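# Descriptive analysis of the structure
Below, each chain spelled out in residue letters.
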Amino acid sequence: MDPLIAVLTLVAVAAAFAVSASAGLGGSLILVPTLALVLGTKEGVALAALLLAGNNVVKVIAYGRTLPLQKAAVVVGLVALGAAIGARLLVSSPEDLVTVAVIVSFVLALIAERFDLSRLRSVGGPLLAFGAGATSGFSGTSGPLKGMAIRQLDLDRAHFVGAASLASLAGDATKAAVFAEAQLLDGSAPLLAVLAIPLMVVATFTGRKINQAMGERGYSVLFWAVMGGYTLRLLLT
């Protein structure tokens, strides 16, 4: 891999970890398109799952005092179940179909943000949790579903981040196991994974410090700029 591309990729990895630690979720929204651009859609989704699983271990440690284990148990379990099913679908699906699924998930996330579809939370936390896991397993990102599912738990900000960290860890660890079994990771992926390890610690604890001060507008600009660039690149290939 070109050294400049490797450095820029690691910068994006660190930003994804910081966003994930600040908001409790959302790291995949930066990490998946970045790694997909560098490695290809399937391998990018697989490496993102591995990196986010490791990062979520650090997040669980960082937010250890605000982990609602009992209250979030059902959501966590259903996210993991959905992720296992979605990841196995990704392994057996053509690359083009996975690419379309990634684009569709980004469009749905944009629509949900634009029209504030969080009001649809009455659909039910369990269904949303399973859908979040399945979508994440197949496309690499769950869009707004995971956040909507966790909102059903009526948690304060700190415990919301804790619950999101638990759910993300369960889903990403499940996906990483499926992808490892399918041997989707090769080439530059192992090197990037090793280089990302120190970033997990630094970015996570930095994200925890800015948790209360994180600007939603700034994050949205960054997220949709990355999404737009990734989607354009996929449409042109």
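Going by the structure above, here's the rest.
Anyway, here's the lowdown on the structure attached to this text.

## Observations concerning the overall build of the chain
The secondary structure content of the chain amounts to ten helices and zero strands. Counting from the amino terminus, the chain carries its helices and strands in the arrangement α-α-α-α-α-α-α-α-α-α. For the chain, buried positions account for 51% of its 237 residues. Within the chain, contacts between residues separated by at least 24 positions form 85% of all contacts whose residues are at least 6 apart in sequence. Total accessible area on the chain stands at roughly 10,800 Å², and carbon and sulfur atoms take up 69% of it.

## Looking at the packing of helix 1 (residues 3-23) against helix 3 (residues 41-62)
Axis separation between helix 1 and helix 3 bottoms out at 11 Å; the angle between their running directions is 45 degrees. With respect to helix 3, the element helix 1 is oriented oblique. Relative to helix 3, helix 1 is oriented so that their crossing is right-handed. Along the contact surface, helix 1 presents V13, F17, S20 and A21, while helix 3 presents L51, L52, N55, N56 and K59.

## Quick word on helix 4 (residues 73-92)
With 20 residues, helix 4 should cover 28 Å at 1.5 Å per step; its first-to-last C-alpha distance of 29 Å lies within 8% of that length. Within the sequence span of helix 4, burial applies to V75, V76, V79, A80, G82, A83, G86, A87 and L90.

## Structural notes on the side chain of N56
When you line up the elements, N56 lands in helix 3. Excluding anything up to four places from it in sequence, N56 contacts S20, S165, S168, L169 and D172.

## Regarding the packing of helix 3 against helix 9 (residues 189-209)
The geometry of helix 3 relative to helix 9 is characterised by a closest axis approach of 9 Å and an angle of 35 degrees between their N-to-C directions. With respect to the hand of their crossing, helix 3 and helix 9 are arranged in right-handed fashion. Residue-level contacts link E43, L47, L50, L51, G54, N55, V58, K59 and A62 of helix 3 to A189, L192, A193, A196, M200, V201, T204, F205 and R208 of helix 9. When the residues that make up the contact of helix 3 with helix 9 are grouped by side-chain class, the tally is twelve nonpolar, three polar and three charged.

## Quick word on the nonpolar core
Among the nonpolar cores identified, the biggest contains 31 residues, and F17, L31, L47, L51 and F179 are the most heavily contacted of them. Where this core is concerned, the elements lending two or more residues are helix 1, helix 2 (27-39), helix 3, helix 4, helix 8 (157-181) and helix 9. Looking at this core element by element, the count peaks at eight residues for helix 3. Residue contacts for L31: discarding those within four places in its chain leaves V13, A16, F17, A48, L51 and L52. Core analysis: the next-biggest nonpolar cluster, separate from the first, contains 18 residues, A72, V76, L128 and A129 among them.

## Focus: the environment of M148
In this fold, M148 is placed in helix 7 (residues 145-151). Along the primary structure M148 and A129 are separated by 19 residues, whereas in three dimensions their C-alpha atoms are 8.3 Å apart.

## Focus: a nonpolar patch on the surface
Residues L81, I85 and L89 make up a contiguous nonpolar surface patch of roughly 260 Å² in combined accessible area. With respect to the helices and strands, L81 occurs in helix 4. The exposure class assigned to L81 is partly exposed, which follows from its relative accessible area of 45%.

## Regarding the pattern of salt bridges
This structure, assessed with the given rule, holds two salt bridges. As a salt-bridge pair, E181 and R88 come within 3.6 Å of each other at their nearest N and O atoms. Pair noted here: E181 is in helix 8 and R88 is in helix 4, with a separation of 93 residues, a long-range link. Classification of E181 as exposed rests on a relative accessible area of 58%.

## A word on the environment of T9
With respect to the helices and strands, T9 occurs in helix 1. When the C-alpha atoms of T9 and L31 are compared, they prove to be 8.9 Å apart, with 22 residues separating the residues in sequence. For T9, the contacting residues outside a window of four places in its chain are T34, L35, V38 and L192.

## Description of the environment of G86
Among the secondary structure elements, G86 is positioned in helix 4. For G86, a relative accessible area of 1% gives the class buried. Along the sequence, G86 and G137 sit 51 residues apart, while their C-alpha atoms lie 4.1 Å from each other. Ignoring anything within four residues of it in the chain, the contact list for G86 reads A134, G137 and F138.

Thresholds, definitions, all that
- Residues numbered from 1 in each chain as written.
- Predicted model: local features only at pLDDT ≥ 70, side-chain atom pairs only at ≥ 80, totals over all residues.
- Heavy atoms only, no water.
- Helix = DSSP H or I, 4+ residues; strand = E, 2+ residues; numbered from the N terminus.
- Buried < 20%, exposed > 50% of the residue type's maximum accessible area, 1.4 Å probe, protein only.
- Contact = heavy atoms within 4.5 Å.
- Areas by Shrake-Rupley, 256 points an atom, 1.4 Å probe, with all protein chains shown as cover.
- Axes fitted to C-alpha atoms, helices over the stretch in contact; angles between N-to-C directions.
- Parallel < 35°, antiparallel > 145°, perpendicular 65-115°, else oblique.
- Left-handed = near helix turned anticlockwise from the far one by under 90°.
- Expected span 1.5 Å × (residues − 1).
- Nonpolar A, V, L, I, M, F, W, Y, C, P; charged D, E, K, R; others polar.
- Core = buried A, V, L, I, M, F, W, Y, C linked by side-chain atoms within 4.5 Å.
- Patch = residues over 30% accessible without salt bridge, like charges linked within 9 Å, V, L, I, M, F, W, Y side chains within 5 Å.
- Salt bridge = Lys/Arg side-chain N within 4 Å of Asp/Glu carboxyl O.

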